[in-house]
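Take a look at the letters that make up each chain.
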Amino acid sequence: MTATEVIERFDAPLSGAAVVGGALRGMVRAKGGEAVLPQRVLQREVGLEAEAIGAYARLCGFALEQGVPLTTPHILAFSLQMRLMLGADFPYPAMGLVHLHNRIRQQARLNIGDRLTLTARAGRFLAHDKGQAFTLETTATRDGATVWQGTSVYLQLGRPGRGDPAPVLTGEEADRLVEAWTLPADLGRRYARISGDANPIHTSAMGARLFGFRRAIAHGMWTKARAVAALSPLAPLDAAEVEVAFRAPLFLPGQAGFYVGSAGTSRDFEVRDAAGARAHLRGRLTLSPEDSVAC
């Protein structure tokens, strides 16, 4: 933490209505001058509660034996990220930002009943040829020790941006189809109730059309979590890292195929359309040597 950062603590998450209302108000708020990321640091204490985590795990395809999903702290910290992006000092409107990339690193096993301190802050600007990218950084600590870290890269469309180049995920081709997914029309609404991410592009066809989509699209972090569930062993993870690049919208209702590369502690994967021609998401899951990959 730097001397200019200010810690703000919150006891409760934002409601879905507050997220949507704040995002819509931000769209009409004028933000002139050179963009500057805020120095605020937001914190929240949370408990890993069995009922809530069970509901999230089931929706994303995790089995009971897999324990607390690797992606859980991201959704618990989502309201902190939204508070940052809805703030008057944030340089871009939250509605319309494109989630480009997400990386999660877990350093120790998460358990039901744990108490975590979640911290969210804006990171840095990144250059992208379609606009200005930036990062949001999240950490989870338990008894003062960091057990989980997450980085999300968002894009404000426009003129090419400044900073180091935005990350590009490359690697081995994921060419073996291992699962076919059917995504129901209400998946976005169900995920929104659990995650708090009530962005209308995910929850209604009308809301999606306002932003140029022909119908509602699946949450990218649901797609990531579903992939992690498919690749993880039937046991809790002690340490792991998963990185994804979001490539194209996955429409609801819809069909998708899950493709993987060769087995090992590090494994590339893709979520593609039903024909296998277009990638919606590309990723890599790296497990500790003690764990094995499921698919």
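Residues numbered from 1 in each chain as written. Predicted model: local features only at pLDDT ≥ 70, side-chain atom pairs only at ≥ 80, totals over all residues. Heavy atoms only, no water.

## Details of the side chain of Thr 72
So, point 1. The residue Thr 72 is located in helix H3 (residues 72–86) in this model.
So, point 2. We classify Thr 72 as buried; its relative accessible area is 1%.
So, point 3. A polar contact of 2.9 Å, which involves the side chain of Thr 72, links it to the backbone oxygen of Pro 69. (Helix = DSSP H or I, 4+ residues; strand = E, 2+ residues; numbered from the N terminus. Buried < 20%, exposed > 50% of the residue type's maximum accessible area, 1.4 Å probe, protein only. Polar contact = N/O pair within 3.5 Å; in protein donor to acceptor, adjacent residues only side chain to side chain.)

## Observations regarding the nonpolar core
One recurring pattern in soluble globular proteins is that nonpolar side chains are buried together.
So, point 1. The biggest cluster of nonpolar side chains holds 66 residues, and the ones touching the most others in it are Phe 134, Phe 258 and Phe 269.
So, point 2. Within the second largest apolar cluster, 6 residues are counted, among which are Leu 100, Ala 133, Val 153 and Leu 155. (Core = buried A, V, L, I, M, F, W, Y, C linked by side-chain atoms within 4.5 Å.)

## Here's the deal with the side chain of Arg 44
So, point 1. Along the chain, Arg 44 falls in strand E2 (residues 40–47).
So, point 2. Here Arg 44 is buried and forms no salt bridge, its nearest opposite-charge partner Glu 49 lying at an N-O distance of 7.9 Å.
So, point 3. One polar contact links the side chain of Arg 44 to the main-chain carbonyl oxygen of Leu 76, over a distance of 2.9 Å. (Lys, Arg positive; Asp, Glu negative; His and termini not counted. Salt bridge = Lys/Arg side-chain N within 4 Å of Asp/Glu carboxyl O.)

## Notes on the layout of surface pockets
So, point 1. The volume enclosed by the largest pocket comes to roughly 1300 Å³.
So, point 2. Leu 97, Val 98, His 99, Leu 100 and Phe 246 are, among the 50 residues lining the largest pocket, the residues nearest its centre.
So, point 3. Broken down by element, the residue count for the lining of the largest pocket peaks at 5 residues, all from H3.
So, point 4. Of the residues that constitute the lining of the largest pocket, the class distribution is 34 nonpolar, 12 polar and 4 charged. (1 Å grid on protein atoms, 1.4 Å probe; cavity = no way out; pocket = protein on both sides within 12 Å on 5 of 7 lines; lining within 4 Å. Points joined across faces, edges and corners; volume = space filled by probe spheres on them. Nonpolar A, V, L, I, M, F, W, Y, C, P; charged D, E, K, R; others polar.)

## Digging into the pattern of salt bridges
Two side chains carrying opposite charge are able to pair once their charged atoms lie near each other.
So, point 1. Counted under the stated rule, the structure contains 12 salt bridges.
So, point 2. Of the charged contacts in the structure, one is a salt bridge between Glu 34 and Arg 162, with a shortest N-O distance of 4.0 Å. With Glu 34 in the loop between helix H1 (16–27) and E2 and Arg 162 in the loop between strand E6 (145–157) and strand E7 (164–165), this pair connects stretches of sequence that are 128 residues apart.
So, point 3. For Arg 162, a relative accessible area of 35% corresponds to the partly exposed category.
So, point 4. Its salt-bridge partner being Arg 272, residue Glu 270 comes within 2.7 Å of it at the nearest N-O pair.
So, point 5. Overall, Arg 272 belongs to the buried group, its relative accessible area being 11%.
So, point 6. Through salt bridges with shared partners, a single network forms among Asp 268, Glu 270, Arg 272, Arg 282 and Arg 284.

## Quick notes on empty space enclosed by the protein
So, point 1. Applying the stated rule across the entire model yields 2 cavities of 30 Å³ or more.
So, point 2. As a volume, the largest cavity reaches approximately 50 Å³.
So, point 3. In terms of lining residues, the largest cavity is bounded by Phe 62, Gln 66, Val 68, Pro 69, Leu 70, Gln 106, Ser 232 and Leu 237.
So, point 4. Partitioned by chemical class, the residues of the lining of the largest cavity number 5 nonpolar, 3 polar and no charged.
So, point 5. As a volume, the second largest cavity reaches approximately 40 Å³.
So, point 6. As for the second largest cavity, its lining consists of His 74, Gln 81, Asn 102, Ile 104, Thr 138, Trp 148, Gly 150, Thr 151 and Ser 152.
So, point 7. For the lining of the second largest cavity, the element with the most residues is E6, which contributes 4 residues.
So, point 8. When grouped by side-chain class, the residues that make up the lining of the second largest cavity number 2 nonpolar, 7 polar and no charged.

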